[in-house]
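Topology and contacts: notes
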Number of protein chains: 2
Amino acid sequence: MNPIGPVNALYPMPTTLVGATVNRTVAHVGILNHGTPQYLSIGLAKAHYSNAGLHENRTFSICLPSEDLMVETDYCGTMTGKKTDKAALFDVFHGELKTAPMIRQCPVNMELKLHDVLDFQTHEVFIGELVQTYADDGVMTDGTIDIAKMRPLLFDMASVRYWRLGPALGKCWSAGKSLKRS
Amino acid sequence: MNPIGPVNALYPMPTTLVGATVNRTVAHVGILNHGTPQYLSIGLAKAHYSNAGLHENRTFSICLPSEDLMVETDYCGTMTGKKTDKAALFDVFHGELKTAPMIRQCPVNMELKLHDVLDFQTHEVFIGELVQTYADDGVMTDGTIDIAKMRPLLFDMASVRYWRLGPALGKCWSAGKSLKRS
């Protein structure tokens, strides 16, 4: 597990485990910009146990499980941190921010410091500035996270199912060239 | 193309075409909460042409192309609206908000009204409240959007490639039951 700099790895819409005081499963995440600093958001219902920890420590993690962790990830999504020590399912480690728990079994972990909190009726949206990304050697190709090796666990609300990533279809900023007038 | 109510269809992280005055390709989108009203975000670099239109009309659309539209979608991502009439590539229609252009070739279109704008250094993040979703009959199963029929065009920044969705892996809030103590 080596630091590779603040690389945003949030593609495509993955199922995520968010670490604050406890780890929990979150699918409502977003990429707010494309740049440096990189901002990501997580939407957490106000009733949840980990919001307090996030306000207190002002750091959090977004951990990306692979398909292999579907059972553990789903389990975290159904249990509350008040009653269950979810961290016991995983080997937890900390990075440079010291207080954002990350998960060794996840091939990619992102560490963020809290930038802002948006208050919605039922949810708080925590905006984090990406500080560091941790990735397993096994999911890297030529210094870059290889999404085919990472095998992210995708989530779809309509089917209430987890999905696998399929094959690559084409190159961005290239596939459309055939439409350009010469 | 029938209205089915404000259904959030933004799973997994899809490539999207955003409609304001013009249509453009955007991959930096997010789900801010899970509830009613449903809020979604799009991050647009300040230099872009469509930001002005969005501030003026205070409505926008998030249109979800299928794999079949990879070439057209990629083309929109490489051309500026200042010089190219991208809307000419598509049949544009409007919904109940009147000013958010949507794309008939996209199997799912979401129509939003502007709720707030967050100002970041290089980007503006437009937060929209989902007002209506338009879906093709061909992607519906039992009144719900069927992601397998929709075949969303996924995007990954690390590989700079478009990807296909793979098969379903398991049921949410069910796959993890084996870990619960009886």
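Predicted model, so just to flag it, every value in this text is computed and none were measured.

Before going further, it helps to spend a moment on the relation of the copies chain B and chain A. With an RMSD of 0.0 Å, chain B superimposes on chain A once it is rotated by 180° and translated 0.0 Å along the axis. When the rotation and shift are considered jointly, the pair of chain copies conforms to a two-fold rotation axis. Here 100% of the contact residues of chain B are again contact residues in chain A; the copies associate through an equivalent surface.

Moving on, we come to the interface of chain B and chain A. Interfaces are frequently sized by the accessible area removed from exposure as the parts join. Taken together, the contacts link 64 residues of chain B with 64 residues of chain A. Of the roughly 6,100 Å² buried between chain B and chain A, counting both surfaces, carbon and sulfur atoms make up 73%. Viewed at the interface, chain A and chain B are joined by zero salt bridges. Run the count over chain B and chain A and you get 20 residue pairs in polar contact (both at pLDDT 80 or more). Of the residues that constitute the side of chain B that touches chain A, the class distribution is 38 nonpolar, 18 polar and eight charged. One ladder, built from seven bridges, connects strand β14 (residues 161-171) of chain A with strand β14 (residues 161-171) of chain B; its direction is antiparallel. Paired with Leu-165 of chain A across the bridge in β14 of chain B is Leu-165 of chain B.

Residue and element names in this part refer to chain B. With respect to the helices and strands, Ala-100 occurs in the loop between β7 (92-93) and β8 (102-103). Owing to a relative accessible area of 0%, Ala-100 belongs among the buried residues under this scheme. For the pair Ala-100 and Phe-60, spaced 40 residues apart in sequence, the C-alpha to C-alpha distance is 4.7 Å. Contact partners of Ala-100, with chain neighbours within four places excluded, come to Thr-59, Phe-60, Ser-61, Phe-93, His-94 and Glu-111.

Now for the sheet that holds β14 of chain B. Across the sheet, four strands lie side by side as β13(A)-β14(A)-β14(B)-β13(B); this open sheet has antiparallel pairing. The sheet is open, and its two borders are formed by β13 (154-156) of chain A together with β13 (154-156) of chain B, each paired with just one other strand. When strand polarity is set aside, the average angle formed by the axes of neighbouring strands in this sheet is 50°. Alignment of β13 of chain A against β14 of chain A, held across three bridges, turns out to be antiparallel. Among the inter-strand pairings, Leu-154 of chain A is bridged to a residue of β14 of chain A, identified as Trp-163 of chain A.

Each value, and the rule that gives it
- Residues numbered from 1 in each chain as written.
- Chains lettered and ligands numbered in written order.
- Predicted model: local features only at pLDDT ≥ 70, side-chain atom pairs only at ≥ 80, totals over all residues.
- Heavy atoms only, no water.
- Least-squares fit on C-alpha atoms with pLDDT ≥ 70 in both.
- Contact = heavy atoms within 4.5 Å.
- Buried area = accessible area lost by both parts, 1.4 Å probe.
- Salt bridge = Lys/Arg side-chain N within 4 Å of Asp/Glu carboxyl O.
- Polar contact = N/O pair within 3.5 Å; in protein donor to acceptor, adjacent residues only side chain to side chain.
- Nonpolar A, V, L, I, M, F, W, Y, C, P; charged D, E, K, R; others polar.
- Pairing = 2+ DSSP bridges.
- Helix = DSSP H or I, 4+ residues; strand = E, 2+ residues; numbered from the N terminus.
- Buried < 20%, exposed > 50% of the residue type's maximum accessible area, 1.4 Å probe, protein only.
- Axes fitted to C-alpha atoms, helices over the stretch in contact; angles between N-to-C directions.

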